[in-house]
Amino acid sequence: MRSIVNFFVRYPIWANGIILVVGIFGFISYSLNLKKSFFPERKPNTISVSVVYPGASPEEVEEGVTIKIEEAIKGIVGIDEITSTSSENLANINIKTFDDYDLEEVTTEVKNAVDRINSFPVSAEPPSVVKGKSLSVAMFLGIKGDVSLMALKKAAEQVETDFLNSGIITQVRLSGFPSLEISVEVEEEVLRRYGIRFEQVANAIRFNNRDISGGSIKTQDEEIKIRANSKQ
């Protein structure tokens, strides 16, 4: 080792030459072969299973669809975590796989397991099995100003629309502001005057603020969807 150091000390031109050659090859490799990304790409490892069940309550969706899918796929090798959501008219099951398993193979096994279920409700639509896609983040954009939060939200939604209409960006996610809420305020004196309890007001709002599917009517020429849409 000492002889090598002495050689480069006596002949520094060789050290400079080696550094120059390494720099040239490094630049060529960086320009042609090295994969570059401003934000690191993550390998997709999620699978989504969704089933539309028109006219069903969350309890009916869970009992008739969600639990059956969970039971069918829980023994598949490669699955790390299963989370599900049962809402009105829809069941959504999200599956997270281990990184060292092939997502394509796990997706095929999940689809086969779901297709083997023959006890879904008659009115439930065929399940949809979709594997996650690799998304590349383009940028983070912040909007601020001496205006109200609603004005900032409208400006952000306009920017979102412009990006999606550009034909280049396929997905935009907005964050940083709370969801819109409707506040109902009732004076206690008015309630006493008409003999109404606060629980009655709350129940009236709850029962009338609904979006309920009543199924569909099929004819030879068309299919009519029946829905009571009164949700604010």
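Everything below is about the structure shown above.
Residues numbered from 1 in each chain as written. Predicted model: local features only at pLDDT ≥ 70, side-chain atom pairs only at ≥ 80, totals over all residues. Heavy atoms only, no water.

**Description of the nonpolar core**
As a reminder, the rule being used: Residues belong to one nonpolar core when they are buried, are Ala, Val, Leu, Ile, Met, Phe, Trp, Tyr or Cys, and are joined through side-chain atoms within 4.5 Å. Only protein chains enter the accessibility calculation, which uses a 1.4 Å probe; a residue is then buried when its area is under 20% of its type maximum, exposed when over 50%, and partly exposed in between. To qualify as a helix, a DSSP run of H or I must reach at least 4 residues; to qualify as a strand, a run of E must reach at least 2; elements of each kind are numbered from the N terminus. Any two residues whose heavy atoms approach within 4.5 Å are treated as being in contact.
Membership of the largest hydrophobic core comes to 22 residues, with the highest contact counts inside it found for Ile-69, Ile-73, Ile-95 and Val-110. Contributions of two or more residues to this core are made by strand 1 (46-52), helix 3 (58-73), strand 3 (90-97) and helix 4 (103-115). With residues near it in sequence (within four places) discarded, Ile-95 still touches Asn-45, Thr-46, Ile-47, Val-49, Ile-73, Ile-79, Glu-81 and Val-110.

**A short note on helix 4**
In plain terms, the rule: Any helix carries an expected span of 1.5 Å times its number of residues minus one. What the arc describes is the spread of directions from the helix axis to the C-beta atoms.
Over its 13 residues, helix 4 runs 18 Å from end to end, which matches the ideal 18 Å to within 8%, given 1.5 Å per residue. Every buried residue of helix 4 is accounted for by Leu-103, Val-106, Thr-107, Val-110, Ala-113 and Val-114. Down the axis of helix 4, the buried side of the element spans an arc of 130°, and every buried residue falls inside it. In the core, the buried residues of helix 4 are packed alongside strand 1, helix 3, strand 2 (79-87), strand 3 and strand 4 (128-131).

**Considering the pairing of strand 3**
As a reminder, the rule being used: Strands qualify as paired when DSSP identifies two bridges or more between them.
A one-sided burial pattern is seen for strand 3, the buried positions being Ala-91, Ile-93, Ile-95 and Thr-97 and the unburied ones Leu-90, Asn-92, Asn-94 and Lys-96. Examined bridge by bridge, strand 2 and strand 3 share 8 bridges and lie antiparallel to one another. Looking at the pairing, Ser-86 lines up with Ala-91 of strand 3. The turn joining strand 2 and strand 3, which pair antiparallel and follow one another in sequence, is formed by 2 residues; a positive phi near 75° is taken by Asn-89.

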